[in-house]
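# Results of the structural survey
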Amino acid sequence: MRDAEEFRYLVLAVQREGNRMLAAALRPLGLTPSQAEVVSVLDDRGHLTLSGLGELLVCESGANPSRLVDRLVTAGLVERTTSANDRRHVTLTLTAAGRQLAERVQAVQDGLHEALEEMLAGQPVAPTLTTLRAVASHFPAGETVRRRKEAAAP
């Protein structure tokens with residue numbers, strides 16, 4: 001097996017297992033990992049346009065996550081507010097129920113991150129992150145991760 005092939009399959013294996021762990025932990029909250037990402041991003045940002053949200057989501061390709069948002073609006077977790085000046089300009093915010101759920105989503109994510117930190121204990125993580133950033137920089141989702149990391153920096 002070539003190194004590139006093994007790398008691809010190892011990244012896929014870790015991503016799939018991590019997503020399974022996250023999905024299982026989110027199931028009691030009634031959310032998918034993609035929905036939880038929307039809730040988290042809106043919780044971090046306060047409010048965003050649909051395209052602004054799309055630019056920050058790793059779970060969705062493209063900049064228009066309207067179906068994903070529609071489900072959260074129907075569930076009463078996200079509110080759409082149309083601008084009085086321009087009906088095409090819609091702002092998304094979490095409802096009170098969405099903000100409460102965001103706290104529980106954060107607790108689930110913290111638990112997953114702690115589990116990953118235990119798996120990474122004693123391993124040389126910095127070189128791995130450097131390699132993953134270099135590869136991811138060639139893809140739109142890698143750019144999305146970079147933007148979110150920069151926005152989260154103190």
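Conventions we followed
Residues numbered from 1 in each chain as written. Predicted model: local features only at pLDDT ≥ 70, side-chain atom pairs only at ≥ 80, totals over all residues. Heavy atoms only, no water. Core = buried A, V, L, I, M, F, W, Y, C linked by side-chain atoms within 4.5 Å. Buried < 20%, exposed > 50% of the residue type's maximum accessible area, 1.4 Å probe, protein only. Helix = DSSP H or I, 4+ residues; strand = E, 2+ residues; numbered from the N terminus. Contact = heavy atoms within 4.5 Å. Patch = residues over 30% accessible without salt bridge, like charges linked within 9 Å, V, L, I, M, F, W, Y side chains within 5 Å. Areas by Shrake-Rupley, 256 points an atom, 1.4 Å probe, with all protein chains shown as cover. Salt bridge = Lys/Arg side-chain N within 4 Å of Asp/Glu carboxyl O. Lys, Arg positive; Asp, Glu negative; His and termini not counted. Charge placed at Lys NZ, Arg CZ, Asp CG, Glu CD. Axes fitted to C-alpha atoms, helices over the stretch in contact; angles between N-to-C directions. Parallel < 35°, antiparallel > 145°, perpendicular 65-115°, else oblique. Left-handed = near helix turned anticlockwise from the far one by under 90°. Nonpolar A, V, L, I, M, F, W, Y, C, P; charged D, E, K, R; others polar.

## Quick notes on the nonpolar core
- Among the nonpolar cores identified, the biggest contains 25 residues, and L42, L53 and V105 are the most heavily contacted of them.
- For this core, the secondary structure elements donating two or more residues are α1 (3-26), α2 (33-45), α4 (66-74), β3 (90-94) and α5 (96-120).
- Contacts of L53, omitting those with residues within four sequence positions, involve V38, V41, L42, L48, P65, V69 and L92.

## With respect to a negative patch on the surface
- A cluster of acidic side chains, namely D110, E114, E117 and E118, defines a negative patch on the protein surface.
- Examined against the element boundaries, D110 turns out to sit in helix α5.
- Its relative accessible area of 33% is what places D110 among the partly exposed residues.

## So, the side chain of Q109
- As for its placement among the helices and strands, Q109 is situated in helix α5.
- Ignoring sequence-local partners within four residues, the contact set of Q109 consists of A36 and S40.

## Here we look at the pattern of salt bridges
- A full pass over the atoms with the stated rule returns six salt bridges.
- A salt bridge links E37 to R148, with the shortest nitrogen-to-oxygen separation between them at 2.5 Å. Highlighted residues: E37 in helix α2 and R148 in helix α7 (residues 140-152), separated in sequence by 111 residues.
- You can call E37 buried: its relative accessible area is 11%.
- The closest approach of N and O atoms between R146 and E150, which form a salt bridge, is 2.5 Å. Remark: E150 and R146 occur in helix α7; sequence separation between them is four residues, near one turn of the helix.
- Each member of the salt-bridge network shares a partner with another, and the members are E143, R146, R147 and E150.

## Quick look at the packing of α2 against α5
- Interhelical geometry of α2 versus α5 gives an angle of 110 degrees and a closest axis separation of 9 Å. With respect to each other, α2 and α5 are oriented roughly perpendicular. As for the relative orientation of α2 and α5, their crossing is left-handed in sense. The segment α2 lies against α5, with A36, V39, S40 and D43 engaging G98, A102, V105 and Q109.
- Counted by class, the contact of α2 with α5 contains four nonpolar, three polar and one charged residues.

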